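Analysis of the macromolecular model
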Amino acid sequence: MTQTPEMHFIPRENYLNQGKTLVSWLFTHDHKRIALLYLISITFFFLIGSIAAVLMRIELTNPHGEFFTSTTYNKLFTLHGVIMVWFFLIPSIPNVLGNFLLPIMIGARDMAFPRLNLLSWYVFMFGGLFALASIILGGVDTGWTFYTPYSSTYSNGWVIAMAVGIFINGFSSIFTGLNFIVTVHKLRAPGMTWFRLPLFVWTLYSTSLIFVLATPVLAITLTLVALERGFGVGIFDPRIGGDPLLFQHLFWFYSHPAVYIMILPAMGVISELIAAFSRKPIFGYDFIVYASLGIAFLGFLVWGHHMFVSGQSIYAGMIFSLLSFFVAVPSAIKVFNWTATLYKGHISFEAPLLYALSFIALFTIGGMTGLMLASLAVDVHVTQTYFIVAHFHYIMVGGAVMAYLGGIHYWFPKISGRMYPENLARWAAVILFVGFNLAFFPQFILGYMGMPRRYHVYPEEFQFLNIVSTCGLPLLGLGYFLPLCYLGWSALFGRIAGPNPWDAPGLEWQIPSPPPSENFPCIPVVTRRPYDYGTNPDTHEPEETEEESHAR
Amino acid sequence: MNLPLLPYESSSYAASVDAIFLSLLLLCGAITLAVFVVIIFFCIRYRRGSSADRTHYPSHGEQVGIEFTWIIIPFVIFIGLFIWAGNVYYEMFSPPTDGLAIYVIGKQWMWKIEHPGGQREINQLHIPVNRNIVLTLTSQDVIHDFDVPAFRIKHDVLPGRYVRMWFKATQTGTYHLFCGQYCGDFHSRMAGSIIVMSDLDYAAWLQGSGTQSAPESLVAEGSRYFHSLGCSGCHEGSLVVHAPSLNGLYQQPVPLQSGQIVVANDDYLRDSILQPSKNVPAGYQPIMPSFQGLLSEEQIIALIAYIKSQRNDLPPNSRDQP
Amino acid sequence: MPAEAGAELPNFPFKDAGHQRESALFGMWIFLATEVLFFGGMFMAYIVYRYLHGQAFQEAGAHQEWYLGFLNTAVLLTSGFTMALAVDFARQGQRNWLLVLFGVTWLLGAAFLGIEGYEYYDKFVQHLVPGTGFRFTGSDPSASEMFFVLYFTMTGLHMFHMFVGLMLILLFGGWSWVSPSFLLKPNRFEVLGLYWAFVDIVWVFLYPLFYLVHPR
């Protein structure tokens, strides 16, 4: 039964107003409140990372580096990378949308370890404190990749402080991943079998496997760099028989799976959005499940593709190239499956779908350029150039951030109980899409032309495209600023949404908006497939309901 | 061939690299375009409320068949791409044996280049066109990267180790040399040029460069150190000290005290000078003194050039060229 | 037995005590997996450098007092046994036995730290601590220095984990002594037991890598 708008109301007791003091928020065990704590934190860090980006792009409009010193510029791009990767992208979807939705989507009242969940946020903030301290004290200029021996011996920045900040932040990831895994294994509602789980849950699960297995390697690697720097003991120092390449292997062993941490949850969101706005089940559910697990597994085997020109053996290079082609296959499966989901659907074009379509477009472009990078001979030419910068921004921003925003919009009514202004949101999505392409597409060309990355000054022939790229930034900024404004406004004054404004079948839409603290008055018993729009799964013809079959 | 927007294809393998890239561009572009077109088509045709026929959905079996089609076809294409690109990469990373050997030392924030004839350059490399050039590179401090976009080649330059790269320039002209691995404050200023000249011009440049009357070749310089630092005292026929002869040593297998057999390449020679007790050849005692901290990278390179030139098969007066 | 830790929380997620115990232990095993990978990075470094500098590592290993390492191994394995007994008693609610065994475990752990501390001091005196006037005569002093870098880093990290374990034993033991109802929630003892066993096993790998390198 669809409810008419006049019937919608904000439930008198929901997770937002049960306990209104600051203390009740800072000591909460409720996964939904913790999600909002994370939302505020990562938005703050996103702002800081964005300011660095704006300053960099302004500097890059002139080839001679006229506004900042080289050292300052180097600190800016390091800041941008570190903050965006560890303090925005990695926590964004898992810790905001994942924390909020995972227990609800599996029919649980909360995570398996609610206090560990809260601890993970405090740990995140503690790590952020060290990172901010490092920046305020003078900054780090090693790049987010901390290559030795520059970072361990030669750099004059606050490397140890930053390394400590990232180390601590890593534990936030580990605790989150641990919590998610145990929750999915142990707290599924009766009837919620593994293959009835929403695809968002599957990708969060796959991501959590990477969280717990990859992050510790980063932790030990940073520890070793800090020891080398602090105590003068050389592990990566060739002067005492150490090997700087060992650092690169250890670092990328984490950092490549880390990029899958950033994209897998985004893919999960897209699966949810495409199904919801086509009003039909996702095409090839099983294949998408296996693709998600496959990406998580294969992602651990390809780290050497960041090191094709590093001096590693060319035979190692070949193996990593082959495996990198393999890992592209499951991502391709997902793109084709999302496209096929639209076939014979009932598609409507609200803002979340626009974000989802942006994701598919931009992730496809980014992923295709990934194939170019897996091709050894081409990678030799474009590695360490702006081609790489464009590639990962297409995936991270054009992909992950678009999915994040799409998910925020889609679940905004559930989180706040209110709707956002649809037309304004659609415009924001389009502006973001245009601004993004203007900012980053020229960088592919710059890269192939030979402009190296992390360059403060550059030959004049690259200036025109750099200016074009910077021109994309105001649109990008507007695309981010608008949702910040209207979502904030709508949370307080938006039209009341009701439990299921999208008429979607997931468990999260069967409870009030905003949900009560305990999520479900009684734990549901699950009997239906996910994305069940009441149609036969094979023919997609509408199935008759029980009443209809009894009437017959 | 020079295409718009692409840097000049100025090395022997540049065109191969561009061919792969352009093919990928076409292939990926076609697939991307196809995905976009299909999505737009579906969005229009199957928008909510349209009268398109939504019955006769593919059966489960048909769906699985479709899935496997778009798994297997990309997979096969990927294998093909891997083989193609891998082959070109193998060629790019296999230095020929007959190349003109030039040494490069990278340091924060400049490139120091040494020609076999002793000519030295900073941030510039003059080379003859259409000849194989083999660079041996090392860094004095952090990791750098010798990056020549016009040749489509780059390679990281590591401290404590030699790496090799090669190219054959096919067009005269001046091309960018960049440092391609972030190395600190003035990373972006560690740039220079590769100047490719005709054989005649190159020969003239060799004569004309250097302020002395004739620059001392690397081999001659190395010979000078070899004698002045006392190496010849043990290694050239000493009656008192049992030290291995270095004649014909380069690139030969050397059985070590530990039972391993290693090849006497540049890294081996460097280690033997700086940490002689690390790889003691079988049948010898670890009595050679270490020169760690006593030699600059340039001196080590000169010594290695001299040792490389000690080849049995050459008459003595042709040993000036390594 | 009623469900335990957190049962007063409004959104208590577990069906019953068994469900909660399973989840707690599962979570602990995942945490131990992260610890394996944490140490794993350094084991990787050890493997690489040992392969590249086998002889130098053997020469360095000759300076290790194998019998001290052996003693430490015996101490630690015994403490693993006493900890397992302690956990068992905790689950049975036998507070006095628990406290006795916790005490024995703690003493054994402290003895381990003491012996290792003595070893560290001894190396310092012999100028074998990297970064502080390291002196070594051998075929490849810098590679031998790498052995000691790895020795101090890996055993140091292990010692840190031991220290945390000892603190937790004190905390749990002290709390059990002061408040007997502490034993009504026995999952935490089992989790601590798993942690202690893990620290034990890491040592079992460290011992041969650092004490049995030099052939006799």
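Cut-offs applied
- All residue numbers refer to positions counted from 1 along the written sequence of the respective chain.
- Following the order in which they are written, the chains are lettered starting with A and the ligands numbered starting with 1.
- Only residues with pLDDT of at least 70 are given local features in this predicted model, and only at 80 or more are side-chain atom pairs given and counted; all residues enter the totals for whole chains, interfaces and linings.
- Only DSSP runs of H or I covering at least 4 residues are called helices, and only runs of E covering at least 2 are called strands; the numbering of each starts at the N terminus.
- Note on method: radius of gyration uses C-alpha positions; expected globular size equals 2.2 Å times residues raised to 0.38.
- Working definition of burial: number of other C-beta atoms within 10 Å of the residue's own, with buried at 20 or more, exposed at 12 or fewer, and partly exposed in between, all C-beta atoms being placed from the backbone.
- Contact between two residues is assigned when their C-beta atoms, built from the backbone, lie within 7 Å.
- Only Asp, Glu, Lys and Arg are considered charged in this grouping, and only Ala, Val, Leu, Ile, Met, Phe, Trp, Tyr, Cys and Pro are considered nonpolar; every other residue, Gly among them, is considered polar.
- Confidence scores labelled pLDDT are given residue by residue by the predictor and lie between 0 and 100.
- To form a nonpolar core, buried Ala, Val, Leu, Ile, Met, Phe, Trp, Tyr and Cys residues must be joined through C-beta atoms within 7 Å.
- An automatic or database domain assignment is the source of the domain bounds shown.
- Strand pairing is assigned whenever DSSP identifies at least 2 bridges connecting the two strands.
- The axes used here are C-alpha line fits, helices contributing only the stretch in contact, and every angle between their N-to-C directions lies in the interval 0 to 180 degrees.
- Here roughly perpendicular refers to angles of 65 to 115 degrees, roughly parallel to angles under 35, roughly antiparallel to angles over 145, and oblique to all remaining angles.
- The crossing is said to be left-handed when, going from far helix to near helix, the turn is anticlockwise and less than a right angle, and right-handed when the turn is clockwise.

What follows deals with the overall build of chain B. Each helix and strand in chain B was counted, giving seven helices and twelve strands. Taken against the 2.2 N^0.38 rule, which gives 20 Å for 322 residues, the C-alpha radius of gyration of chain B at 27 Å runs more than 25% over that of a compact globule. Taking the principal axes of the C-alpha coordinates as reference, chain B spans close to 100 × 50 × 40 Å. Split into buried and exposed, the 322 residues of chain B put 38% on the buried side. Taking the intrachain contacts of chain B between residues at least 6 apart in sequence as the baseline, contacts between residues at least 24 apart amount to 65%.

Another point: the interface of chain A and chain B. Listed by partner, the interface residues are 67 residues for chain A and 68 residues for chain B. At the level of elements, helix H3 (70–106), helix H5 (150–154), helix H10 (314–342), helix H11 (351–374), helix H12 (376–382) and helix H14 (422–449) of chain A are the ones that each hand at least two residues to the side of chain A that touches chain B. Broken down by element, the side of chain A that touches chain B gets its largest block of residues, 14 residues, from H10 of chain A.

Attention now moves to the interface of chain C and chain A. Opposite the 30 residues of chain C that make contact, chain A presents 36 residues. For the side of chain C that touches chain A, the element with the highest residue contribution is helix H1 (residues 17–52) of chain C, accounting for 17 residues. Residue composition of the side of chain C that touches chain A, by class: 17 nonpolar, eleven polar and two charged.

Averaged over all residues, the pLDDT of chain C equals 90, while 94% of them reach at least 70. Across the assembled chains, the prediction reports ipTM 0.90 with pTM 0.93.

Turning next to the nonpolar core. By size, the foremost hydrophobic cluster in this structure holds 317 residues, and its most contacted members are Val201, Ala266, Ile270, Phe359, Ala377 and Ala403 of chain A together with Leu150 of chain C. Among the elements that take part in this core, H3 of chain A stands out by supplying 22 residues, more than any other. The residue makeup of this core includes at least three contributed by each of domain 1 (100–208) and domain 2 (218–318) of chain B. Discounting chain neighbours no more than four positions away, the residues touching Leu150 of chain C are Met42, Ala45, Tyr46 and Tyr49 of chain C.

A separate point is the confidence of the model for chain B. Residues at a pLDDT of 70 or more form 93% of chain B, whose mean pLDDT is 89. Considering only residues more than four positions removed or in separate chains, one finds that residues 316–322 of chain B, a stretch of pLDDT under 50, has 14 contacts.

On to the sheet that holds strand S10 (residues 192–197) of chain B. Note: strands within a sheet are paired through backbone hydrogen bonds, in either parallel or antiparallel orientation. Residues and elements named next belong to chain B. Across the sheet, five strands lie side by side as S4-S10-S9-S6-S7; this open sheet has mixed pairing. One side of each edge strand has no neighbouring strand; the edge strands of this open sheet are strand S4 (124–128) and strand S7 (153–157). Taking the axes of each pair of neighbouring strands and ignoring which way they run, one obtains an average angle of 20° across the sheet. By the bridge criterion, two bridges tie strand S6 (residues 144–148) to strand S9 (residues 173–179) in an arrangement that is antiparallel. Among the inter-strand pairings, Phe146 is bridged to a residue of S9, identified as Cys179. Here helix H3 (residues 199–208) sits on the sheet and contacts S4 and S10; the angle it forms with S4, its principal contact strand, is near 130°.

Another aspect to go through is the packing of H14 of chain A against helix H15 (residues 463–493) of chain A. Residues and elements named next belong to chain A. As a packed pair, H14 and H15 sit with axes 7 Å apart at the nearest point and diverge in direction by 155°. What the angle tells us is that H14 and H15 run roughly antiparallel. As H14 runs across H15, the sense of the crossing is left-handed. By residue class, the composition of the contact of H14 with H15 is 22 nonpolar, five polar and no charged.

The topology assignment puts Thr78 of chain C in helix H3 (residues 66–92). Residues Thr78 of chain C and Asp200 of chain C, spaced 122 residues apart in sequence, show a C-alpha to C-alpha distance of 9.7 Å.

Bringing the environment of Val378 of chain A into the picture now. Within the secondary structure layout, Val378 of chain A lies in helix H12. The class of Val378 of chain A is buried, set by 29 C-beta atoms lying within 10 Å. The spatial distance from the C-alpha of Val378 of chain A to the C-alpha of Met125 of chain A is 41 Å, given a sequence separation of 253 residues. When residues no more than four places from it in sequence are discounted, the contact partners of Val378 of chain A are Met372 of chain A together with Val17, Ile20, Phe21, Leu24 and Ala85 of chain B.

Our focus in this paragraph is the pairing of S7 of chain B. Summarising burial for S7 of chain B: five of the five residues are buried, a large majority. Connecting S6 of chain B to the antiparallel partner S7 of chain B that follows it, the hairpin turn spans four residues, and Arg152 of chain B within it adopts a positive phi of roughly 65°.

Okay, the sheet that holds strand S5 (residues 132–139) of chain B next. Residue and element names in this part refer to chain B. Strands sit in the order S3-S2-S1-S5-S8 across an open sheet of five strands; the sheet is mixed. The two strands at the open ends of the sheet, each matched to only one other strand, are strand S3 (120–122) and strand S8 (163–168). Neighbour-to-neighbour, the strand axes of the sheet open up by a mean angle of 25°, direction not taken into account. The pairing of strand S2 (residues 110–114) with S3 spans three bridges and is antiparallel. Across the sheet, residue Ile113 finds its bridge partner in S3, namely Glu121.

For residues other than glycine, phi is negative in most cases, and the peptide bonds are mostly trans. A cis amide bond links Thr148 of chain A with the next residue in sequence, Pro149 of chain A, at an omega value of -5°. In this fold, Pro149 of chain A is placed in the loop between helix H4 (114–137) and H5. The omega angle of the peptide bond from Gln108 of chain B to Trp109 of chain B is 0°, so this bond is cis rather than trans. Note on placement: Trp109 of chain B falls in the loop between strand S1 (100–107) and S2. One non-glycine residue, Arg454 of chain A, adopts positive backbone phi at about 60°. Backbone geometry places Arg152 of chain B, a non-glycine residue, at a positive phi of 65°.

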